[in-house]
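Summary of structural features
The chain contents come next:
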Amino acid sequence: MSGRRVLVAVAVLLAMALAAAFFAPSLVGPERLRGPIAALAGRALGGAVVRIAGPVRLVLLPAPEVDAEGVTIVTPGGASLAARALRLRLALLPLLAGRLRAEALLLSGADWRLPWPAALHPAALLPPPWLGQMAARIEDGRITVGRLAISGVAALVSADRLTGTLVAAGDGWIGRQRWRFGLRLSRPGADGAAALDATLAGTGRLAGTDARISARLAADGTLAGTIAGSGADLGALVAAPHEAWTGRGRLTVAGDLALADGLVLRLGAEPASGAIALRLGPSPRLDLALRTARMDLPAWAAALAHGGGPRLLPIGIDLSAEAARLGTGDLRELRAGLDLTDHGFILRDASADLPGGVTLQLRGAAQAGGFAGAVRLDGGDIPATWHWAAPLAGLPAALPAPRNVQLSARLAVSPGRIALDAITGEAGGTKVSGTLLLRLGAQPALDARLSVGTLDLAGLDATGIAGAPGLDLGLRLDLGLRLRAAVVTLDDFRAEDVTLAASAGAGGIALRRLALRLEGAAVSASGRLGADGTLAGQLDLATDHAGRLATLLPGFWPLHGPAQASLRVAGKTAALLATLHLAAGAVRVDASPTIDLGARSAAGPVAVAVAAPDVSALGLADAAWLGAGPLSLRATVTASPGHLAASGIDLAAGALRAGGTLAIDWTDAGPRLSGALDAAALPLPWPRLRDTRPPVLPALLADHPGWSGNLRLAANRVLDGKATVLRRMRGRLAVDRGTLRLDDLDAELDGGTLTGQLALDAAQTPPRLSATLGVAGARIAAPVLGLPLDLTAGRADAAVSVTARGYSPAALLATLAGRITVQVTGGTAAGFDLPALRRAVAGDPSHLRENAARALAGGASPFATLALAGTLARGSLDVDEGALAAPDGTASLSGTASLAAGALDLHVALHPDGPGATAGGATAGGATAGGPTAGLLLSGPLAAPVRVPQLAGLAAWLAARR
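The rules behind the values
- Residues numbered from 1 in each chain as written.
- Predicted model: local features only at pLDDT ≥ 70, side-chain atom pairs only at ≥ 80, totals over all residues.
- Heavy atoms only, no water.
- Helix = DSSP H or I, 4+ residues; strand = E, 2+ residues; numbered from the N terminus.
- Contact = heavy atoms within 4.5 Å.
- Buried < 20%, exposed > 50% of the residue type's maximum accessible area, 1.4 Å probe, protein only.
- Arc of directions from axis to C-beta.
- Pairing = 2+ DSSP bridges.
- Polar contact = N/O pair within 3.5 Å; in protein donor to acceptor, adjacent residues only side chain to side chain.
- Patch = residues over 30% accessible without salt bridge, like charges linked within 9 Å, V, L, I, M, F, W, Y side chains within 5 Å.
- Areas by Shrake-Rupley, 256 points an atom, 1.4 Å probe, with all protein chains shown as cover.
- Salt bridge = Lys/Arg side-chain N within 4 Å of Asp/Glu carboxyl O.
- Axes fitted to C-alpha atoms, helices over the stretch in contact; angles between N-to-C directions.
- Parallel < 35°, antiparallel > 145°, perpendicular 65-115°, else oblique.
- Nonpolar A, V, L, I, M, F, W, Y, C, P; charged D, E, K, R; others polar.

With respect to the side chain of threonine 209
Structurally, the position occupied by threonine 209 is in the loop between β11 (194–202) and β12 (210–217). Beyond its immediate sequence surroundings of up to four residues, threonine 209 is in contact with Trp179, Leu200, Ala201, Gly202, Ser230, Gly231, Ala232, Leu237 and Trp245.

Overview of helix α10 (residues 952–961)
By the burial criterion, the buried members of α10 are Gly953, Leu954, Trp957 and Leu958. Down the axis of α10, the smallest arc covering the buried residues is 135 degrees, so these residues share one side. Opposite the buried face of α10, at more than 90 degrees from it, the exposed residues are Ala952, Ala959 and Ala960. Where α10 is buried, its residues touch α8 (834–842), α9 (848–856) and β54 (934–941).

Looking at the pairing of strand β3 (residues 65–74)
Note: strand β1 (residues 49–52) against β3, 4 bridges, orientation antiparallel. Note that in β3 the partner of arginine 51 across the bridge is threonine 72. Here 4 bridges tie strand β2 (residues 56–59) to β3, and the two strands are oriented antiparallel to one another. Across the sheet, arginine 57 pairs through a bridge with aspartate 67, a residue of β3.

A word on the side chain of threonine 543
You can see threonine 543 is positioned in strand β33 (residues 534–543). For threonine 543, a relative accessible area of 4% translates into the label buried. Of note is the side chain of threonine 543, whose polar atom sits 3.0 Å from the backbone nitrogen of histidine 545.

A closer look at the environment of glycine 370
With respect to the helices and strands, glycine 370 occurs in strand β22 (residues 370–379). Residue glycine 370 is classed as buried on the basis of its relative accessible area, which comes to 15%. Separated by 47 residues in the primary sequence, glycine 370 and arginine 417 place their C-alpha atoms 9.0 Å from one another. Dropping the residues within four chain positions of it, glycine 370 is found in contact with Ala365, Val413 and Ser414.

Looking at α9
Taken together, the buried positions of α9 are occupied by Leu848, Ala852, Ala855 and Leu856. Looking straight down α9, one finds its buried side chains confined to an arc of 95 degrees; they lie on one side. Among the structural elements, α8, β53 (903–912), β54, β55 (946–950) and α10 are those in contact with the buried residues of α9.

Focus: a nonpolar patch on the surface
A contiguous nonpolar surface patch, about 280 Å² in accessible area, is contributed by Val696, Leu697 and Leu700. Within the fold, leucine 700 resides in helix α6 (residues 696–703).

Points about the pairing of strand β52 (residues 889–898)
Judged from the 8 bridges that link them, strand β51 (residues 876–886) and β52 form a sheet pairing that is antiparallel. Looking at β52, one finds that valine 879 is bridged to glycine 895. With antiparallel pairing between neighbouring strands as the criterion, β51 and β52 make up a hairpin whose turn holds 2 residues. Here β52 runs beside β53; their pairing, made up of 10 bridges, is antiparallel. Its bridge partner lying in β53, leucine 893 is registered against valine 908. Hairpin geometry of β52 and β53 is characterised by an intervening segment of 4 residues between the two adjacent antiparallel strands and by a positive phi of about 70 degrees at glycine 902.

Considering unusual backbone geometry
Between threonine 765 and proline 766 the backbone carries a cis peptide bond, its omega angle lying at -5 degrees. Tracing the chain through its elements places proline 766 in the loop between β46 (752–761) and β47 (768–780). Its identity is not glycine, yet arginine 600 carries a phi of approximately 55 degrees, on the positive side. Positionally, arginine 600 belongs in the loop between β37 (594–596) and β38 (601–610).

Thoughts on the pattern of salt bridges
As enumerated under the stated definition, the model contains 27 salt bridges in all. The closest approach of N and O atoms between aspartate 287 and arginine 285, which form a salt bridge, is 2.9 Å. The closest approach of N and O atoms between arginine 294 and aspartate 330, which form a salt bridge, is 3.2 Å. Here aspartate 330 lies in strand β19 (residues 329–341) and arginine 294 lies in strand β17 (residues 285–296), a separation of 36 residues in the sequence. A single salt-bridge network, built from bridges that share partners, covers Arg285, Asp287, Asp318, Asp339 and Arg348.

Details of the packing of α8 against α9
Where α8 meets α9, the axes come as close as 8 Å, and the angle between the chain directions of the two elements is 175 degrees. The pairing of α8 with α9 is recorded here as roughly antiparallel in orientation. For the pair α8 and α9, the contacting residues are Ala836, Leu837, Ala840 and Val841 in the first and Leu848, Asn851, Ala852 and Ala855 in the second. Across the contact of α8 with α9, the residue classes break down as 7 nonpolar, 1 polar and no charged.

The following block contains the structure:
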């Protein structure tokens with residue numbers, strides 16, 4: 001055959017081959033191609049099992065390609081892949097020679113499901129031989145590892161022909177975020193281990209976020225190496241604050257667990273440490289542990305509160321911080337463990353030490369903007385904790401609160417609402433139960449319904465609470481309170497069966513009901529205080545035992561038996577009209593003050609009346625000195641901080657009739673008294689000299705050493721019982737540091753005057769009494785001492801200067817010391833009869849002794865002058881001078897009178913005038929030169945001494961005359 005014919009034959013054969021390449025596939029049915037193509041693709045994919053459910057197509061020209069739809073591939077490692085379409089391009093010449101060599105692989109719409117835990121042995125991850133000769137490309141794929149899915153995958157996978165290193169690069173969607181990734185896996189070495197390097201980088205809002213892994217994949221399938229990462233927004237990754245972050249640490253993967261621990265992190269400007277654990281089987285979960293020295297708690301709380309939404313897998317977060325700033329204080333030792341859910345989070349456990357030393361424990365679940373769980377408070381200074389926490393919710397920084405609590409409760413938080421119910425525990429040392437409901441908003445509201453055992457008000461801290469709305473209460477919330485307490489105490493105050501229902505807010509304070517029992521008395525109250533300062537209310541008290549209320553009031557409480565009291569108030573807080581009525585037996589008190597709550601002042605009339613015939617009905621001990629008769633007191637009283645005054649006083653009590661003004665001012669040095677009292681009749685409790693009971697006054701002065709002041713006193717009559725002792729008395733009563741003085745004393749005493757001063761110093765131990773008194777021209781018209789030897793008439797001048805120390809009148813009398821002088825003119829002495837003695841001397845001598853004895857047994861002796869002077873020591877009076885000059889003779893007095901012992905030892909020498917009597921000195925025989933002398937000795941008890949006449953002098957005188 002010629003060469004031309006051969007060329008023509010070859011050309012015809014090529015034409016026929018090309019025609020066959022173009023038209024043969026269309027002439028062969030798909031069922032006949034499906035099997036051979038599946039086997040061809042399986043061999044090209046390294047022995048995978050390939051099933052084709054959809055149409056297939058084989059194209060030989062211009063390049064051999066196999067296209068198939070509905071492809072399922074199962075690899076020898078157990079992975080499965082379902083692809084929408086598969087395209088495998090083969091080399092033409094090897095194919096004509098009967099050999100398969102793939103030049104490119106394209107998987108479109110692939111859904112690749114990998115089992116977990118996967119066999120990560122390096123040998124299992126070796127690329128198939130064909131991969132070294134081509135690149136495999138994936139479009140719009142999906143990779144599922146366990147429950148973790150990566151969608152929209154676009155990647156290019158290839159193997160280095162010389163080193164066998166597997167290289168992959170591409171991107172895909174994890175959740176709603178698209179990531180770029182890169183992978184380099186070396187061929188295993190002699191020990192069966194391979195080197196792995198991987199990168200992950202964010203796009204879009206996560207641009208700049210990246211992670212890098214450098215690890216060693218061991219022959220047994222474990223992975224160990226390092227991981228590092230950084231980003232501009234941690235909050236875009238997890239439920240965390242929006243701040244920059246960096247981190248690095250160890251990475252290990254074994255079985256179904258991938259662990260990054262020993263992480264050294266920086267969150268914003270704060271250093272931190274932590275760990276990340278990813279478990280993909282059997283229950284996929286991501287756990288993060290983070291510890292930092294300081295934490296921005298509001299930022300973390302906001303991130304967690306808004307971190308809900310669908311999640312690829314469950315996430316657990318464990319947070320801890322040495323300090324977390326919140327508001328104006330720090331939370332210490334903060335711990336929180338929580339699980340993020342699609343709708344919120346579950347708080348497994350959280351605890352922190354709050355400002356004020358209170359420990360908070362919290363657990364529960366948050367979803368749909370709310371939280372439900374349990375809370376426990378244990379600790380310390382609750383007022384300090386409230387002062388820190390209240391402004392966070394827009395509440396007042398100060399409300400009364402107990403110091404210590406141990407409380408647990410159910411907690412429910414929803415938008416604008418915080419509820420605590422099933423509260424149980426102790427607060428301030430007492431059992432507590434009930435509910436609390438806080439509604440937040442422009443005008444927060446707190447509703448409390450509590451039951452307590454014993455409520456100690458002294459244990460509540462109410463610092464910063466003012467008086468009421470309109471008086472700058474400081475209350476910026478609506479407050480509702482229902483309280484039941486078995487016992488309420490405040491210092492010595494004790495109330496039982498207390499029920500309180502009240503509310504407060506911008507509109508004012510309403511006391512709907514207050515009921516309690518107080519020392520057996522039933523007390524009830526109600527009222528309302530408006531924000532404009534308008535107040536209306538009432539208080540009622542009823543008791544069968546008014547005397548029990550004495551322990552609640554200062555000073556004495558004179559009422560006993562059944563009593564009723566009522567108080568009504570109405571008006572503006574700056575001018576509040578009040579009426580008070582109190583009735584207890586024969587006692588009635590009425591007052592109508594006007595009160596200014598803002599200035600804390602009050603002024604108005606007060607009237608006290610006792611209809612009993614004796615003021616002892618008031619319950620006053622030793623009140624008999626006042627005398628019988630009703631009591632009536634009227635005054636206008638004013639009170640303000642540090643000041644109490646009564647003006648227009650009109651007092652009648654028994655024999656007492658007085659008026660004037662009184663004021664007490666409380667200063668830094670103590671209370672100060674001032675005023676003036678003017679009495680028409682002033683009965684005084686004159687002491688009984690031998691009384692051993694301590695009087696009230698020294699103890700009162702000693703117990704109140706800070707009192708001081710001056711009080712002007714005036715009395716038209718000063719009484720001892722019914723007897724008028726002094727008239728037109730004037731003086732100044734001064735008290736200072738436990739000393740009471742009556743200065744500038746001036747009074748009329750029986751036609752004469754009494755002047756001087758008295759002082760009682762109760763600050764000394766024992767108390768000291770001193771007196772300096774002077775009497776001028778006092779008329780004596782009755783026995784002065786009531787003793788066997790006395791003065792019954794005359795005009796007296798006297799000077800007394802004495803001191804005494806003791807706790808009782810008897811003790812003062814026993815220590816009495818000082819000096820007394822007395823001058824009496826134109827008077828009468830009782831106890832002897834000097835005129836009768838003179839007559840006896842002038843009469844029949846035979847009856848001299850008998851008549852003289854009768855004259856010394858009693859009677860009265862007018863005299864012209866009497867001079868007495870004595871010294872007091874230890875309660876005894878030693879007569880230093882005693883001389884009497886009378887028309888009928890003279891007399892002298894000497895001896896001792898023991899006032900404390902009540903004993904008398906006095907000697908009276910009488911010198912009657914008579915025939916033969918001349919002035920002269922006394923002789924050894926008891927007579928005077930030229931005159932008779934008789935003596936009288938009084939000894940024994942002071943009230944009834946033994947009288948011993950001494951007549952030897954008369955006998956001697958009579959014998960001398962003979």
